[in-house]
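# Observations on the three-dimensional arrangement
This is what each chain is made of:
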Amino acid sequence: SSTKNDFFQVWAVLMVTLRYSVKVGRPYGRSKKLTLSDMMSSLWTANLLRSKTSMLLVAVPLWLIWSINALRIIGYFVASERASRINQENLRLVTDYMRYEHELSDAQMGTDPVTMRGYKYLVYGEDKQERRVGAPKFRFRLDVEHERLLTAEGVWSLHDDQLLGAQADAQNRFKDVCLSFALYKLLRRRFHNLPSHEDAQDKTRQLILNGVLQGAGSDKGSSSSERAFRITEIELSFLRDSFHGNHAVMFVNGFPSRRLLLSVVLVSALSFLAYPVYYIPRRSTNAANLEAVVTRGVPVTFSILFLIILKEFWEIYVYVFSQWTMAWMLCKYIMSPKLQCSLMRGVVRLMHRLITRGRWDQQVGQYNLLIQCPMLKLYLSILRPTTVKLQTHVMKAVLETLKDLQSPQSLSSYFPNAFGSNRAAIERFSWANEFEADTHRILVWHLATCLCEIQLCGNTAASLKPFWLRPRLFVHRWRSSISEAMWGDYVVSVTLSNYCAYLLTGVPRLVPDNGLVSRKVFYVVRHEVYSATLRCRSLQDIHKRLVGKPASTDGKHEATVKMGAELARQLLETYTEDNAWQILSKFWRGFLLHLAASTKAERHKTHLQGPVELITHLWALL
């Protein structure tokens, strides 16, 4: 019937539109076959619409919806091809630019990572510059003084501005968005094995250590750590949207206003289509046909319309309320004096409060090998890992260790640094660091930390049943009489120890070792712990079973569990309890930074799509 034909045409157009709409926000296909498939579906739908539609009110919005969808398919394919080329060129351009960026600064004035003087890192507009070839080296060079080019130094140059000035933006919340965008352009080179020429001048490292982390270890440590992770969360947000979204394509020429305008027009057409669709059943003169076919068509059509409209609104939200929009607005504000008005400043401040995508929730996964050995608890920890809020003094302690590093090479000195370079102690405990893989090192020191924590629990350990415990702090601050310094070392040690163990459970697997080796070692040690603590009913029983008898550490053939127990026993016998926790705290802080620097960029890239891990934030800072 004509009624059935109308519904068939409506559904055909809507399903093709929905098929393309669900791809919004995802990376474009690597093959042109995806575009060909979308175009073939669109042409098939157009052929259906060629037949005379019984209702003009149905035909007009259908053709409009089809036209918008076809324009988006073709337009995005053309734009993606062009954007891919531009992004690749920009990657090379930034790499070449950083080769001579240090030559653009006044040697007499020097550089200042606090005021960003001398930091001509590219923020915006480099793609629009004419590249000059200068003798005698005949390299492409950019005109950094051009009004259409914005650098990090230029962002900080607005000292008296009511939005970005020193008084208005004292905490650098707005300026740091531009800085994160500049650092994102530098960071993405790691994924393409491109050289970091600026490392020879050590400028970026000085920017992080003496600029971003200024005050770490003092009363300003909390604000410094907050700023450091605020910069990395925005920086990693750009990376995630670039690798696991299509923001890099959509924003290649600025804000994607045309794309979003098409979404608004499409939503309007879909909303209008609901009106004639509602009256399609009334055109039927066959009551039986009305009940069998037509009345079921209206709710189905409305459901499809709702899904598409919802997805279009989601697309608008994804692009408008993103850090890319924030960076674009700030760059336009800085480069266009006409936009430096109270209205624009109000819009920027409002958008800054509304944009929450990409922010880090500061939750870190936790895993305790002594209480999560049973297979059921292991599977539950993998499916739904326990997370805790990263305490401020833990972040401060890790960044303080980062700030104290003398050079990138000192990242591997975490073991002697833990003992304060005490040669006698280093030689005595050297066996606890002589492992071929970091997985062994994590497990041995994690078990030692867990056993030291049980020792710290005292008499309450007898009432703590392993099966009902979760990997959190076993000692409560309000019940404990330990000193403030020791409490801080305890929290840092246990939090980071449990976090490193969590990295081995198969959820993120962000460790430098081979994945198969790491997985096998972890499950073998888990089985050892389960066998050793099978009959233990409390944490006190576990401690007596494992630490009760000394274990030999002459060779590498000792079980990992025994080595962890021996390390805990030696620490508690050699040092006072507060000194033992201080050593554990220093070890885990340095070792986590070592893990972050040693893990390949591709592994961080894989896990950028989900919640960003602490180790990835530290990797971005190194």
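As the structure is a prediction and not an experimental result, all values here were calculated from the model. (Residues numbered from 1 in each chain as written. Predicted model: local features only at pLDDT ≥ 70, side-chain atom pairs only at ≥ 80, totals over all residues. Heavy atoms only, no water.)

## Quick word on the overall build of the protein
Secondary structure summary: the protein contains 24 helices and six strands in total. Counting contacts in the protein only where the partners sit at least 6 residues apart, residues at least 24 apart contribute 77% of the total. In the structure as shown, the protein presents an accessible area of about 29300 Å², 55% of it carried by carbon and sulfur atoms. (Helix = DSSP H or I, 4+ residues; strand = E, 2+ residues; numbered from the N terminus. Contact = heavy atoms within 4.5 Å. Areas by Shrake-Rupley, 256 points an atom, 1.4 Å probe, with all protein chains shown as cover.)

## As for the side chain of Lys203
As for its placement among the helices and strands, Lys203 is situated in helix α6 (residues 203-212). Overall, Lys203 belongs to the buried group, its relative accessible area being 6%. A distance of 2.9 Å separates the side chain of Lys203 from the side chain of Glu101, its partner in a polar contact. Here Lys203 is in contact with Glu101, His102, Ser105, Thr111, Gly118, Tyr119, Tyr121 and Glu198, once residues within four sequence places are set aside. (Buried < 20%, exposed > 50% of the residue type's maximum accessible area, 1.4 Å probe, protein only. Polar contact = N/O pair within 3.5 Å; in protein donor to acceptor, adjacent residues only side chain to side chain.)

## Side note on empty space enclosed by the protein
Evaluation of the coordinates by the stated rule reveals three cavities of 30 Å³ or more. Lining the largest cavity are 22 residues, with Asp127, Phe181, Lys185, Phe251 and Val252 positioned closest to its centre. The set of elements that each furnish at least two residues to the lining of the largest cavity consists of α3 (56-100), β1 (122-124), α5 (175-187) and α11 (323-335). At four residues, the largest contribution of residues to the lining of the largest cavity is made by α11. Broken down by class, the residue content of the lining of the largest cavity amounts to 13 nonpolar, four polar and five charged. (1 Å grid on protein atoms, 1.4 Å probe; cavity = no way out; pocket = protein on both sides within 12 Å on 5 of 7 lines; lining within 4 Å. Points joined across faces, edges and corners; volume = space filled by probe spheres on them. Nonpolar A, V, L, I, M, F, W, Y, C, P; charged D, E, K, R; others polar.)

## Brief notes about unusual backbone geometry
Positioned with a positive phi, Met116 is a non-glycine residue whose angle comes to about 65°. Mapped onto the fold, Met116 is located in the loop between α3 and β1. Judged by its relative accessible area of 0%, Met116 falls in the buried class. Look at Asn172: it is not a glycine, yet its phi comes out positive at around 65°. Within the element layout of this structure, Asn172 appears in the loop between α4 (152-155) and α5.

## Details of the nonpolar core
Val123, Trp445 and Leu614 are the most contacted members of the largest nonpolar core, which totals 165 residues. Residues contacting Val123, with those up to four places away along its chain left out, are Leu150, Thr151, Ala152, Val155, Cys178, Phe181, Ala182, Lys185 and Cys331. Membership of the second largest hydrophobic core comes to 21 residues, among which are Val13, Leu14, Ala269 and Ile309. (Core = buried A, V, L, I, M, F, W, Y, C linked by side-chain atoms within 4.5 Å.)

## A short note on the packing of aromatic side chains
Throughout the structure, instances matching the rule amount to 33 aromatic pairs. Taken together, a centroid distance of 5.5 Å and an interplanar angle of 35° make the contact between Tyr317 and Phe321 tilted. With relative accessibility at 27%, the residue Tyr317 sits in the partly exposed group. With a relative accessible area of 22%, Phe321 lands in the partly exposed category. (Phe/Tyr/Trp six-rings, centres within 6.5 Å; stacked < 30°, edge-to-face > 60°.)

## Re the environment of Gly590
Topologically, Gly590 is positioned in helix α22 (residues 577-598). Between the alpha carbons of Gly590 and Ser410 there is a distance of 9.5 Å; along the sequence they are 180 residues apart.

## Here we look at the side chain of Thr95
Tracing the backbone through its elements, the reader meets Thr95 in helix α3. A polar side-chain atom of Thr95 sits 2.8 Å from the main-chain carbonyl oxygen of Leu91. Non-local contacts of Thr95, meaning those with residues more than four positions away in its chain, are made with Arg189, Leu194, Pro195 and His197.

## Description of the pairing of strand β6 (residues 386-389)
Only one face of β6 is covered, namely the one carrying Thr386 and Val388; the face carrying Thr387 and Lys389 has none of its residues buried. Bridging between strand β5 (residues 363-366) and β6 involves four bridges; their strand directions are antiparallel. If you follow Val364 over to β6, its bridge partner there is Val388. (Pairing = 2+ DSSP bridges.)

## Details of the pattern of salt bridges
Evaluated as defined, the whole model comprises 18 salt bridges. Close ionic contact of Glu126 with Lys185 constitutes a salt bridge, the shortest N to O distance being 2.6 Å. With Glu126 in the loop between β1 and β2 (132-134) and Lys185 in helix α5, this residue pair connects regions lying 59 residues apart in the sequence. According to the relative accessible area criterion, Lys185 is buried, its value standing at 6%. Salt-bridge contacts for Asp438 lead to Arg441; the nearest nitrogen and oxygen are separated by 2.6 Å. In this pair, Asp438 and Arg441 both sit in helix α17 (residues 438-457), three residues apart, roughly one turn of the helix. Connected via shared salt-bridge partners are Arg72, Arg259, Glu312 and Glu315. (Salt bridge = Lys/Arg side-chain N within 4 Å of Asp/Glu carboxyl O.)

## Observations concerning the confidence of the model for the protein
In the predicted model, the protein carries a mean pLDDT of 84, and the fraction of residues at 70 or more is 84%. For residues 29-33, every residue scores under 50 in pLDDT, and the model assigns this stretch three contacts once sequence neighbours within four places are set aside. This model gives residues 551-557 a pLDDT under 50, and the stretch forms eight contacts once residues within four places in sequence are excluded. (pLDDT = per-residue confidence, 0-100.)

## A closer look at helix α20 (residues 539-547)
Turning to α20, its buried residues are Leu539, Ile542, His543, Leu546 and Val547. Seen along its axis, α20 keeps its buried residues to an arc of 100°; they face one direction. Elements in contact with the buried residues of α20: α17, α19 (515-532) and α21 (560-574). (Arc of directions from axis to C-beta.)

## Side note on a nonpolar patch on the surface
Nonpolar side chains collect at one region of the surface, where Leu57, Phe272, Tyr275, Tyr278, Tyr279 and Phe302 lie side by side and expose about 570 Å² of accessible area between them. Counting residues per element, the nonpolar patch draws most heavily on helix α9 (residues 257-279), which supplies four residues. Here Leu57 shows up in helix α3. (Patch = residues over 30% accessible without salt bridge, like charges linked within 9 Å, V, L, I, M, F, W, Y side chains within 5 Å.)

## Comments concerning the packing of α11 against helix α12 (residues 342-354)
Between two packed helices, both the angle of their axes relative to each other and the distance between the axes serve to describe the pair. Packing of α11 against α12 leaves a shortest axis separation of 10 Å and a crossing angle of 160°. Judged by the angle between their axes, α11 and α12 are roughly antiparallel. Between α11 and α12 the crossing geometry is left-handed. Contacts between α11 and α12 involve Thr325, Met326, Met329, Leu330 and Tyr333 on the former and, on the latter, Met344, Arg345, Val347, Val348, Met351 and His352. Tallied by class, residues from the contact of α11 with α12 come to eight nonpolar, two polar and one charged. (Axes fitted to C-alpha atoms, helices over the stretch in contact; angles between N-to-C directions. Parallel < 35°, antiparallel > 145°, perpendicular 65-115°, else oblique. Left-handed = near helix turned anticlockwise from the far one by under 90°.)

## Thoughts on α5
The end-to-end C-alpha distance of α5, which contains 13 residues, comes to 18 Å, matching closely the 18 Å that a straight helix rising 1.5 Å per residue would cover. Buried residues dominate α5, accounting for 13 of its 13 residues. (Expected span 1.5 Å × (residues − 1).)

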